[in-house]
Amino acid sequence: MRLDKLLSNMGAGSRKEVKQLLKSGAIQVDGEIVLDPKQHVDVETQDILMYGEPVVYQKYIYLMMNKPPGVISATEDKRDQTVIELLFEDVTYFKPFPVGRLDKDTEGLLLLTNDGSFNHALMSPKKHVAKTYYAEVIGTLTEEDVIEVQEGVTLEDGYKTKPGKLVILEATDETSTLELTITEGKFHQVKRMMLALGKEVTYLKRLSIGELPLDSTLEPGEYRELTRGELALFDWTPE
Ligand code: URA
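Keep in mind that this is a model prediction, so the values were computed, not measured.

Parameters at a glance
- Sequence order as written defines residue numbering, which begins from 1 separately in each chain.
- Given that the model is predicted, a residue must reach a pLDDT of at least 70 before its local features are reported, and side-chain atom pairs must reach 80 or more before they are shown or counted; all residues, however, enter totals for whole chains, interfaces and linings.
- Side-chain calculation: all heavy atoms of the structure are included, whereas hydrogens and water are not.
- In this text, helices come from DSSP runs of H or I with a minimum length of four residues, and strands from runs of E with a minimum of two, each type numbered from the N-terminal end.
- Computation of the radius of gyration draws on C-alpha atoms, with the globule rule given as 2.2 Å multiplied by the number of residues to the power 0.38.
- Here the term buried applies to any residue with accessible area under 20% of the maximum for its type, exposed to any over 50%, and partly exposed to those in between, with areas from a 1.4 Å probe on protein chains only.
- The Shrake-Rupley method, run with a 1.4 Å probe, gives the accessible areas here. Residue values count only the displayed protein chains as cover.
- In this scheme, strands are said to pair when DSSP sees at least two bridges between them.
- Near is defined per residue: the residue qualifies when any heavy atom it owns lies within 4 Å of the molecule or strand.
- Within 3.5 Å is the distance limit for a polar contact, defined as a pair of N or O atoms, with the added protein rule that one can donate a hydrogen and the other accept it, and that residues adjacent in sequence qualify only through two side-chain atoms.
- Gly is put with the polar residues, along with every residue not named as nonpolar or charged; the nonpolar set is Ala, Val, Leu, Ile, Met, Phe, Trp, Tyr, Cys and Pro, and the charged set is Asp, Glu, Lys and Arg.
- Domain start and stop positions are those given by an automatic or database domain assignment.
- In what follows, a contact means two residues having at least one pair of non-hydrogen atoms within 4.5 Å.
- Here the quantity called buried area is the total loss of accessible area, with a 1.4 Å probe, experienced by two parts when brought into contact, counted for both.
- UniProt positions are given in the numbering used here, feature names are shortened, and annotations may be inferred rather than shown by experiment.
- Directions drawn from the helix axis to the C-beta atoms are what define this arc.

As a further point, take the overall build of the protein chain. Scanning the protein chain for helices and strands turns up 7 helices and 13 strands. The C-alpha radius of gyration computed for the protein chain amounts to 22 Å, which surpasses the reference 18 Å derived for 239 residues by more than 25%, pointing to a less compact arrangement than a globule. Seen through its principal axes, the protein chain has C-alpha atoms that stretch 70 × 30 × 30 Å. Out of the 239 residues belonging to the protein chain, those deemed buried represent 45%. Accessible area for the protein chain stands at about 13,300 Å²; split by element, carbon and sulfur atoms hold 50% of it.

Next up on the list: the sheet that holds strand β4 (residues 53-54). Working definition: the strands of a sheet are paired by backbone hydrogen bonds and lie parallel or antiparallel to each other. The strand order β2-β1-β3-β4 describes an open sheet built from 4 strands, whose pairing is antiparallel. Two strands in the sheet have a free side with no partner beyond their single neighbour: β2 (32-33) and β4.

Before going further, it helps to spend a moment on the site of the ligand. Contacts to the ligand come from L102, D103, T106, Y133, H188, Q189, V190, K191 and L204. Here an oxygen atom of the ligand and a side-chain polar atom of T106 are 2.9 Å apart. At 3.1 Å, a backbone N or O of V190 approaches a nitrogen atom of the ligand. Top contributing element to the shell around the ligand by residue count: helix α6 (residues 189-196), with 3 residues. Grouping the amino acids of the shell around the ligand by side-chain chemistry returns 4 nonpolar, 3 polar and 2 charged. Here the shell around the ligand spans two domains, and each of domain 2 (62-126 + 212-232) and domain 3 (131-209) adds at least three residues to it.

Interface extent is often summarised as the accessible area lost during association of the parts. With domains assigned, the protein chain is organised as domain 1 (3-54), domain 2 (62-126 + 212-232) and domain 3 (131-209). If you average the C-alpha positions of domain 1 and of domain 2, the two centres end up 28 Å apart. Listed as interface residues are 4 residues of domain 1 and, on the opposing side, 4 residues of domain 2. For the domain 1 and domain 2 pair, buried surface summed over both sides reaches about 340 Å², with 49% attributable to carbon and sulfur atoms. Per-residue buried area on domain 1 facing domain 2 is highest for K5, S8 and N9; these three make up 86% of the total on that side. Taken together, the connections running from domain 1 to domain 2 amount to 0 residue pairs in polar contact (both at pLDDT 80 or more). Looking at the side of domain 1 that touches domain 2, the element that brings in the most residues is helix α1 (residues 3-9), giving 3 residues. For the side of domain 1 that touches domain 2, the class distribution of residues is no nonpolar, 2 polar and 2 charged.

So, on to the UniProt feature "domain: RNA-binding S4" (unreviewed entry) in the protein chain. When the UniProt feature table is mapped onto this chain, "domain: RNA-binding S4" (unreviewed entry) is found at residues 1-61. Taken end to end, residues 1-61 comprises 26% helix and 16% strand; its first and last C-alpha atoms sit 18 Å apart.

On to the environment of L102. Positionally, L102 belongs in the loop between β6 (97-98) and β7 (107-113). Considering only alpha carbons, one finds L102 and D47, 55 residues apart in sequence, at a separation of 42 Å. Ignoring anything within four residues of it in the chain, the contact list for L102 reads K67, S73, E107, G108, L109, L110, Y133 and R206.

Residue placement: R192 occurs in helix α6. For R192, the side chain forms a polar contact with the side chain of D157, separated by 3.0 Å. Looking at R192, its side chain comes within polar contact range of the main-chain oxygen of F187, at 2.8 Å. When sequence neighbours within four positions are dropped, the list of residues in contact with R192 reads L155, E156, D157, K186 and F187.

Our next topic: helix α5 (residues 143-151). Among the residues of α5, those classed as buried are D145, V146 and V149. Along the axis of α5, the buried residues cluster in a sector spanning 105°; they form a single face. Residues E143, E144 and E151 are exposed on α5 and point more than 90 degrees away from its buried face. Buried residues in α5 make contact with β9 (165-171), β10 (175-182) and α6. Positive backbone phi, approximately 105°, marks G152, located one or two places after α5.

This is the structure in structure tokens:
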């Protein structure tokens, strides 16, 4: 791999910043200072130092995105823009994919990774990872709805959902706002649960997954890497 690409992938900065880094003589390969960003290196066999410290090759990437509406949570789509198309080259290099899905019109916290085991750990129905959503609906939510969600809502296909937690933020004669926490991820689950309660979702945003909240500084479409501390919230230590 080209040295500049490698350094950039490892978080040393943008290609431009990496070029500066090389120019300043900060990078050594097998004991020699290398100035040429185009030089090819082999991370398996060569000794690469930055300011005298070994450069550790990063195999996996873990991102959080504030998914904007109108974008598909998939790696490819014939018609629509995908979340992968919102990523810059320094991370697409890792070939990340979305951890689970949000509907095209849903916004908010979406994780992306190239680590299949991490994906499995979060998605496995056995793990019951809680997800909290903010929603706006047509219809008036009541305490009866709160209890029904607690006990499990029977969807239109007869499936009874696991107990969830509904918090009514505001309820008027016409519309309501709410937070809903569920531990499953059935297709269109929040919208279908609300429909079963006679409400129609007009806006949906995922706020958190497990103990991890969406970083409120991320604008729709923006993303960043998860910190080690954030990964630890899922009992995950990257290789
Ligand atoms: N539930 C839904 O209905 N849609 C989503 O995108 C996520 C959860």
